[in-house]
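Close look at the chain arrangement
Spelled out, the chains give:
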Amino acid sequence: MNQNSYPLKFKNAQLHQRDIDSLNNKQWLTAEAIYFGTQYLIKEIPNGISVLDPSIATFLIFENDFEDLMSVQQELVRGEGIITAINDCQNPNGTHWGVLLFYESQFYLFDSGSNSDLQSSAEMIAKKMLAIIKNDETLIQKDISVIKFNGVPKQTNSYDCGVYSIAIIQRLAECIMKKQEWNFQNITPDYVTNIRLELKNSIQQMLQ
């Protein structure tokens with residue numbers, strides 16, 4: 001591949017070689033690869049819903065200065081709802097992706113892992129999101145409700161959490177758009193494998 005092709009840009013996503021490599025079989029996806037996946041696969045975003053770059057959610061975990069946190073306010077107030085992939089990175093070495101949804105003034109967590117601990121990360125991100133949206137630093141110190149949605153299909157390996165997160169975000173956008181009950185029955189291991197392959201093939205075509 002021609003190194004002059006990087007970063008590869010698609011809508012708001014930018015990919016470098018490591019992000020593209022993370023789409024190879026049995027690899028753990030980078031935040032950039034997940035964001036590209038959502039940008040590529042979601043053909044229409046529901047009115048009032050923002051699909052957030054996962055790197056912003058990770059920024060919210062580690063940043064504690066409220067003035068710096070407010071630098072991403074415009075990303076959070078574009079609509080009444082937010083969907084983003086989040087990571088369990090209470091330290092820089094997070095190992096699992098899930099999805100956080102802010103919709104109709106309530107936060108929801110969608111997790112394809114069987115034994116993961118995304119709840120604490122979800123609550124930390126949710127507190128800071130709400131504080132930024134309302135421009136009220138005191139909200140960071142208050143308890144917040146993040147409902148864990150139980151009807152999420154579980155991954156059968158340790159590396160597909162990022163692809164499941166893309167599929168969940170895609171499905172949530174579709175259900176909200178069509179005003180349907182949230183269900184994820186279409187998300188099977190084969191479906192997830194096909195998403196990984198489709199994204200990888202689409203990038204190869206863009207680089208030709």
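See above for the structure.
Below you will find a few notes about this structure. (Residues numbered from 1 in each chain as written. Predicted model: local features only at pLDDT ≥ 70, side-chain atom pairs only at ≥ 80, totals over all residues. Heavy atoms only, no water.)

**A closer look at the overall build of the protein chain**
When its secondary structure is counted, the protein chain shows eight helices and seven strands. Classification of the 208 residues of the protein chain by burial places 53% in the buried group. Across the protein chain, every contact between residues at least 6 apart in sequence was considered, and the portion connecting residues at least 24 apart equals 64%. (Helix = DSSP H or I, 4+ residues; strand = E, 2+ residues; numbered from the N terminus. Buried < 20%, exposed > 50% of the residue type's maximum accessible area, 1.4 Å probe, protein only. Contact = heavy atoms within 4.5 Å.)

**Concerning the pairing of strand β5 (residues 97-103)**
The element β5 is largely enclosed, with a buried count of six among its seven residues. The pairing of strand β4 (residues 81-87) with β5 spans six bridges and is classified as antiparallel. Within β5, the position partnered with Ile-82 by the bridge is Phe-102. When β5 meets strand β6 (residues 106-110), the two strands line up antiparallel, connected through five bridges. Within the sheet, the bridge partner assigned to Val-99 lies in β6 and is Phe-110. Linking two consecutive strands that pair antiparallel, namely β5 and β6, is a turn of two residues; a positive phi of about 55° is found at Glu-104 within it. (Pairing = 2+ DSSP bridges.)

**Description of the packing of aromatic side chains**
One pass over the full model with this rule turns up twelve aromatic pairs. Note on Phe-110 and Trp-182: the rings are 5.8 Å apart at their centroids and 65° apart in plane angle, and the pair reads as edge-to-face. With Phe-110 in strand β6 and Trp-182 in the loop between α7 (161-178) and α8 (189-207), the pair connects residues that are 72 residues apart, well separated along the chain. Here Phe-110 and Trp-182 have matching classes, each one buried. An aromatic cluster of three or more residues is present, and its members are Tyr-103, Tyr-108, Phe-110, Phe-149, Trp-182 and Phe-184. Over the ring of Tyr-40 we find Lys-43; its NZ or CZ atom is 4.8 Å from the centre of that ring. (Phe/Tyr/Trp six-rings, centres within 6.5 Å; stacked < 30°, edge-to-face > 60°. Lys NZ or Arg CZ within 6 Å of the ring centre and 35° of its normal.)

**Some words on unusual backbone geometry**
Phi is positive for Lys-11, which is not a glycine, with a value near 55°. Tracing the chain through its elements places Lys-11 in the loop between β1 (8-10) and β2 (13-15). Even without glycine at this site, Lys-179 takes up a positive phi of about 55°. Looking at the element boundaries, Lys-179 is found in the loop between α7 and α8.

**Comments concerning the pattern of salt bridges**
A full pass over the atoms with the stated rule returns six salt bridges. With a closest N to O distance of 3.7 Å, Arg-18 and Glu-32 form a salt bridge. Residue Arg-18 is found in helix α1 (residues 17-21), and its partner Glu-32 is found in helix α2 (residues 31-41); the two are separated by 14 residues along the sequence. Counted as one network, the salt bridges with shared partners bring together Arg-18, Asp-19 and Glu-32. (Salt bridge = Lys/Arg side-chain N within 4 Å of Asp/Glu carboxyl O.)

**Considerations on the side chain of Lys-128**
With respect to the helices and strands, Lys-128 occurs in helix α6 (residues 119-134). Other than its neighbours up to four places away in sequence, Lys-128 contacts Leu-60, Ile-61, Glu-63, Asn-64, Leu-69 and Ile-140.

So yeah, pure geometry; function would need other evidence.
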